[in-house]
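Chain residues, written in single-letter form:
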Amino acid sequence: KAFVERMPMHVHTAILDVASGQETVWQEPHTHPADWSPDGALLAGTQHGPGGANQVVVCRIADQGCRMLTRGTSPKWSPQGDRLYFVRPAASGRSQQLWSIAADGTAETPIGDLGTFGPIDVFIDVSSTGLLTWAPMQQGQPQLWTATIR
């Protein structure tokens, strides 16, 4: 399965079953998909909550039911599927911080500062071996950082 976003009049998210070719439009509220769970049953993403605050959500593919876990954006599953890593603005507002939370919404933990990102450049990824990748914005100095998650 894969997700795509389309823009006729506004953005829609659709789930494509690659085996059958069947496409199912994701119902509102609009979810910005970010990552599939390792077992393919869940989709982690971001929804806009009250006041426009970004919220990390986990949605079941089977019935599109979503539950909000915490505030933040760009969620990525751990290789084991038991935790999500996500980005949240630092209290100072000048940089972004990496956080993690258990898949059931408990044990929210700050991990560290990732630096400053452009308004649309917040990006992290977690490899199947637990390598975290991110790209902070440094004026005139494109950078790509990696670190092992422990």
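Cut-offs used in this document
Residues numbered from 1 in each chain as written. Predicted model: local features only at pLDDT ≥ 70, side-chain atom pairs only at ≥ 80, totals over all residues. Heavy atoms only, no water. Pairing = 2+ DSSP bridges. Helix = DSSP H or I, 4+ residues; strand = E, 2+ residues; numbered from the N terminus. Axes fitted to C-alpha atoms, helices over the stretch in contact; angles between N-to-C directions.

Draft legend 1. Region of interest: the sheet that holds strand S5 (residues 42–48). The antiparallel open sheet is built from 4 strands, whose spatial order is S4-S5-S6-S7. Single-partner strands in this sheet number two, and they are strand S4 (32–36) and strand S7 (66–71). When strand polarity is set aside, the average angle formed by the axes of neighbouring strands in this sheet is 30°.

Draft legend 2. Seen up close, the sheet that holds strand S10 (residues 96–102). Spatial strand order, S8-S9-S10-S11: 4 strands in an open sheet with antiparallel pairing. If you trace the sheet from one side to the other, it starts and ends with strand S8 (73–77) and strand S11 (109–115), each paired once. Within this sheet the neighbouring strands show an average axis-to-axis angle of 25°, counted without direction. Both strand S9 (residues 83–89) and S10 contribute to a ladder of 7 bridges, which runs antiparallel. Bridged to Val 87 within S10 is Leu 98.

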